[in-house]
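Given next are the chains, with one letter for each unit.
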Number of protein chains: 2
Amino acid sequence: MGETVGAIGEGEILRRILARLPRSAAPVGPGDDAAVIAAPDGRVVATTDTLVHGPDFRLAWSSPFELGWKAAAVNLADVAAMGARPTALLVALALPDATPAAFVDGLADGLAAACAELAPGCAVEGGDLTVSDTLTIAVTALGSLDGRDPVRRSGARPGDEVRLIGDLGVAARGLAVLFDRFTGPTGEPLPVTAAALEALPPHEAHAVARQLAPCPPITAGVTAAMAGATAMMDVSDGLALDATRLAQASGVTVELDSTTLGADATAALTGGEDHALLVTARPGAMSLGRRIGVVGERGAAPLTVDGVEYGRRGGWDPYRDWDAGRG
Amino acid sequence: MGETVGAIGEGEILRRILARLPRSAAPVGPGDDAAVIAAPDGRVVATTDTLVHGPDFRLAWSSPFELGWKAAAVNLADVAAMGARPTALLVALALPDATPAAFVDGLADGLAAACAELAPGCAVEGGDLTVSDTLTIAVTALGSLDGRDPVRRSGARPGDEVRLIGDLGVAARGLAVLFDRFTGPTGEPLPVTAAALEALPPHEAHAVARQLAPCPPITAGVTAAMAGATAMMDVSDGLALDATRLAQASGVTVELDSTTLGADATAALTGGEDHALLVTARPGAMSLGRRIGVVGERGAAPLTVDGVEYGRRGGWDPYRDWDAGRG
């Protein structure tokens with residue numbers, strides 16, 4: 001890990017990153033003042049999400065590859081949740097001087113792998129490189145609706161069924177395992193080595209892997225849109241909070257059935273960071289994912305579970321919930 | 001300045017920001033998983049640039065309004081430099097808990113004002129809000145070429161004239177004034193008050209204002225493209241370095257005439273952050289800006305001034321040049 005980014009400088013870091021990314025397929029890729037990306041139907045879907053060292057990750061837990069993967073995946077999920085096909089990422093890195101150059105290599109590999117595996121045809125087409133005391137990865141994702149209407153949060157209608165595509169509560173269980181088993185006596189995060197992962201029960205190792213490198217169902221976003229999804233959103237803050245948001249935007253009540261939520265319904269309702277897709281559709285229109293409830297007329301509460309108002313929320317407010325730890 | 005962002009939380013900060021931004025004109029504006037922006041000719045221009053507390057600004061020198069303005073302006077300039085019309089900004093803010101809520105209000109006002117004044121029709125259409133030890137403003141700008149070809153760095157041809165639209169060396173002079181006159185005995189930045197600015201010689205006050213809130217010639221990017229610009233780029237790292245980049249990309253030599261560069265040619269050649277547009281065009285094709293040289297066949301050096309190879313570069317490598325100061 002000898003060289004640091006402070007020693008090799010901006011130009012050389014950029015060359016190393018670009019050398020690890022697949023060749024651009026855009027009209028104008030990296031290297032000019034801006035990229036030019038195809039937007040075939042005359043609209044572009046655009047979203048941005050940032051990973052910050054401290055509130056969003058621990059360097060002892062996440063490998064550079066996992067951080068690149070996660071930064072891509074969480075943004076791709078927001079594009080998918082509109083029913084769109086991701087077309088390009090822009091990646092703004094703010095790196096401390098002492099960051100190993102090898103860290104940047106791993107990050108680039110993770111970005112490229114997430115695009116290739118989760119959203120084939122999407123690539124890093126631009127970015128920015130600067131220095132900071134706090135390692136920060138700000139990604140913007142672009143996408144194409146290919147002529148379809150965007151699937152918004154506000155389209156759910158009474159009588160729709162509620163479906164869930166992806167994991168529920170797995171990433172949160174992984175985070176709990178990290179805090180339980182990879183935290184030292186003074187609260188410091190301990191390295192997640194391959195050997196340590198192998199020593200875990202398989203479901204715990206799986207949960208840790210999903211926490212560190214989530215696999216949202218990106219291509220399912222387009223499939224759901226084509227199958228007639230009436231509303232859709234990325235479940236990043238936990239099902240209870242995000243289903244409430246969808247219900248509020250649509251002016252309906254989302255009525256969930258706890259028997260569809262797995263062995264630990266509370267974990268499924270409150271655990272965040274899985275980046276599953278929450279979808280509503282006319283009954284029988286869609287076979288994707290699993291049915292977890294129905295949409296009702298707006299009642300006293302926007303969210304019920306087994307017919308009862310659900311009060312717990314989960315979710316994560318960065319200002320309220322970050323304990324200022326890093327590691 | 002009572003309330004902090006840590007006290008009011010993510011939802012309330014977002015509401016305050018959105019309340020200060022003009023109403024969205026996009027197909028889908030803020031509030032869903034992603035925005036949907038018009039890209040009328042089937043392509044979108046996209047760029048990202050980040051301002052980081054420490055290397056990029058001092059809170060004693062820049063007001064929140066100026067930071068919002070500058071974060072928008074430097075990104076709008078990259079869109080303009082492709083010959084495009086800015087259509088939307090996405091703004092990712094990473095704020096320390098202790099940031100005053102009023103700071104966020106000022107930042108939002110500065111973003112909105114820069115769009116309204118520099119790029120009418122462009123607005124903040126999305127973003128992200130998180131916590132960080134280091135105040136970081138990552139902006140992505142999108143734009144439309146409206147059917148024209150992008151103006152790249154690589155299109156300059158021997159015989160073209162070289163033109164410059166905007167300031168040269170003014171922002172760097174402003175930074176020098178800040179270091180000279182607004183730095184305390186132990187190197188700490190001192191507040192730039194209205195009274196202190198009024199006490200400066202007018203050209204120094206002007207330079208400081210341009211450093212803190214640059215006014216790049218955004219609409220001139222489209223005008224230059226329509227007038228037949230063969231190459232164009234944003235001069236952010238100083239004319240010498242950026243002209244060298246344009247010359248290298250085009251495989252030519254840029255031959256500058258120092259008599260066109262003002263009283264202090266060295267400052268004009270090495271001072272960064274003005275975000276002027278460097279343009280090449282067939283002789284007589286363009287009246288915008290001023291003629292500062294010609295494009296020659298590629299000679300021994302990519303850049304000459306008065307016929308002699310120019311060795312100084314200026315520019316700013318964040319890893320090499322940041323002294324770790326903040327304030």
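These numbers were taken from a predicted model, which means no experiment stands behind them.

(A) Spatial organisation of the interface of chain B and chain A. Listed as interface residues are 62 residues of chain B and, on the opposing side, 62 residues of chain A. When chain B packs against chain A, the two sides together hide about 5,100 Å² of surface, and 56% of this comes from carbon and sulfur. Contact with chain A buries surface across chain B, with B:Asp33, B:Val131 and B:Tyr319 losing the most and accounting together for 17% of the total. In this structure, the connection of chain B to chain A is made through 8 salt bridges. With a shortest N-O distance of 3.4 Å, A:Asp33 and B:Arg153 are connected by a salt bridge. Between the two partners, chain B and chain A, sit 26 residue pairs in polar contact (both at pLDDT 80 or more). Elements supplying a minimum of two residues to the side of chain B that touches chain A: α1 (5-20), β1 (35-38), β2 (43-52), β3 (85-95), β4 (123-131), β5 (136-144), β7 (231-235) and α10 (318-321) of chain B. The leading source of residues in the side of chain B that touches chain A is β2(B), at 9 residues.

(B) Structural view of the UniProt feature "binding site: Mg(2+) 3" (unreviewed entry) in chain A. Residues annotated by UniProt as "binding site: Mg(2+) 3" (unreviewed entry) correspond here to A:Asp33, A:Asp78 and A:Asp234. Spatially, the listed residues are scattered: they cover 202 residues, and their C-alpha atoms lie as much as 31.8 Å apart. Counting through the fold element by element, A:Asp78 comes out in helix α2 (residues 64-80). In contact with A:Asp78, not counting residues within four places along its chain, are A:Thr47, A:Asp234, B:Asp33 and B:Ala34. In this structure, A:Asp234 sits in strand β7 (residues 231-235). Under the relative-accessibility criterion, A:Asp234 is labelled buried at 2%. Apart from residues no more than four positions distant in its own chain, A:Asp234 is found in contact with A:Ala77, A:Asp78, A:Ala81, A:Asp242, A:His275, A:Ala276, A:Leu277 and B:Asp33. Side chain to side chain, A:Asp234 and A:His275 meet in a polar contact 3.1 Å long.

(C) The arrangement of the side chain of A:Thr136 in detail. Residues and elements named next belong to chain A. For Thr 136, the location among the structural elements is in strand β5 (residues 136-144). Take Thr 136: its relative accessible area is 3%, and that puts it in the buried class. In terms of polar contacts, Thr 136 uses its side chain to reach the backbone carbonyl oxygen of Thr 134, at 2.9 Å. Once residues within four sequence positions are removed from consideration, Thr 136 is found in contact with Thr 50, Leu 51, Val 52, Ala 92, Leu 93 and Ala 94.

(D) Summary view of the pattern of salt bridges. Enumeration over the complete set of coordinates arrives at 42 salt bridges over all chains. Residue A:Arg153 is joined to B:Asp32 by a salt bridge in which the shortest nitrogen-to-oxygen separation is 3.6 Å. In this pair, A:Arg153 sits in the loop between β5 and β6 (161-165) while B:Asp32 sits in the loop between α1 and β1, so the two residues belong to two different chains. Taken individually, A:Arg153 and B:Asp32 each receive the classification buried, so the pair is uniform in this respect. Here B:Arg245 makes a salt bridge to B:Asp242, at a shortest N to O gap of 2.8 Å. On the criterion of helical spacing, the pair formed by B:Arg245 and B:Asp242 is a turn pair, its members being 3 residues apart in helix α8 (residues 239-250). Of the residues examined, B:Asp242 reaches a relative accessible area of 1% and is grouped as buried. Beyond isolated ion pairs, a larger network of salt bridges with shared partners links A:Glu3, A:Arg16, A:Arg20, A:Asp105 and A:Asp109.

(E) The pairing of strand β8 (residues 252-256) of chain B, seen in detail. Residues and elements named next belong to chain B. Of all the 5 residues making up β8, 4 are buried; the element is thus mostly covered by neighbouring parts of the structure. As paired strands, β8 and strand β10 (residues 290-297) are joined by 5 bridges and run antiparallel to one another. Note on β10: the bridge partner recorded for Val 252 is Glu 297. Where β8 and strand β11 (residues 303-305) come together, 3 bridges link them in parallel fashion. Each bridged residue has a counterpart across the sheet, and for Leu 256 the counterpart in β11 is Val 305.

(F) Fine view of the relation of the copies chain B and chain A. Superposing chain B onto chain A takes a rotation of 180 degrees plus a shift of 0.0 Å along the axis, which leaves an RMSD of 0.0 Å. Overall, the copies show the geometry of a two-fold rotation axis. Among all residues of chain B, the minimum C-alpha distance to the rotation axis is found for B:Gly42, at 2.2 Å. The overlap is high: 100% of the interface residues of chain B also sit at the interface in chain A, so the same surface is used on both sides.

(G) Inspection of the nonpolar core at higher detail. Residue and element names in this part refer to chain A. With 51 residues, the main nonpolar core has Leu 89 and Ile 137 as its most contacted residues. Sorting the residues of this core by element identifies α1 (5-20), β2 (43-52), α2, β3 (85-95), α3 (101-118), β4 (123-131) and β5 as the ones contributing at least two each. Per-element accounting of this core gives the leading share, 11 residues, to α3.

(H) Up close: the UniProt feature "binding site: Mg(2+) 1" (unreviewed entry) in chain A. UniProt tags A:Thr48, A:Asp49 and A:Asp128 as "binding site: Mg(2+) 1" (unreviewed entry). Among the structural elements, A:Thr48 can be located in strand β2. Given a relative accessible area of 7%, A:Thr48 falls into the buried group. Apart from the residues within four sequence positions on either side, A:Thr48 is in contact with A:Asn75, A:Val139, A:Thr140, B:Leu90, B:Ala92, B:Gly127 and B:Asp128. A polar side-chain atom of A:Thr48 sits 3.0 Å from the main-chain carbonyl oxygen of A:Val139. Along the chain, A:Asp49 falls in strand β2. Once you skip the residues sitting within four places of it in the chain, A:Asp49 turns out to touch A:Val74, A:Asn75, A:Ile137, A:Ala138, A:Val139 and B:Asp128.

Scoring rules and cut-offs
- Residues numbered from 1 in each chain as written.
- Chains lettered and ligands numbered in written order.
- Predicted model: local features only at pLDDT ≥ 70, side-chain atom pairs only at ≥ 80, totals over all residues.
- Heavy atoms only, no water.
- Contact = heavy atoms within 4.5 Å.
- Buried area = accessible area lost by both parts, 1.4 Å probe.
- Salt bridge = Lys/Arg side-chain N within 4 Å of Asp/Glu carboxyl O.
- Polar contact = N/O pair within 3.5 Å; in protein donor to acceptor, adjacent residues only side chain to side chain.
- Helix = DSSP H or I, 4+ residues; strand = E, 2+ residues; numbered from the N terminus.
- UniProt positions renumbered as here; feature names shortened; annotations may be inferred.
- Buried < 20%, exposed > 50% of the residue type's maximum accessible area, 1.4 Å probe, protein only.
- Pairing = 2+ DSSP bridges.
- Least-squares fit on C-alpha atoms with pLDDT ≥ 70 in both.
- Core = buried A, V, L, I, M, F, W, Y, C linked by side-chain atoms within 4.5 Å.

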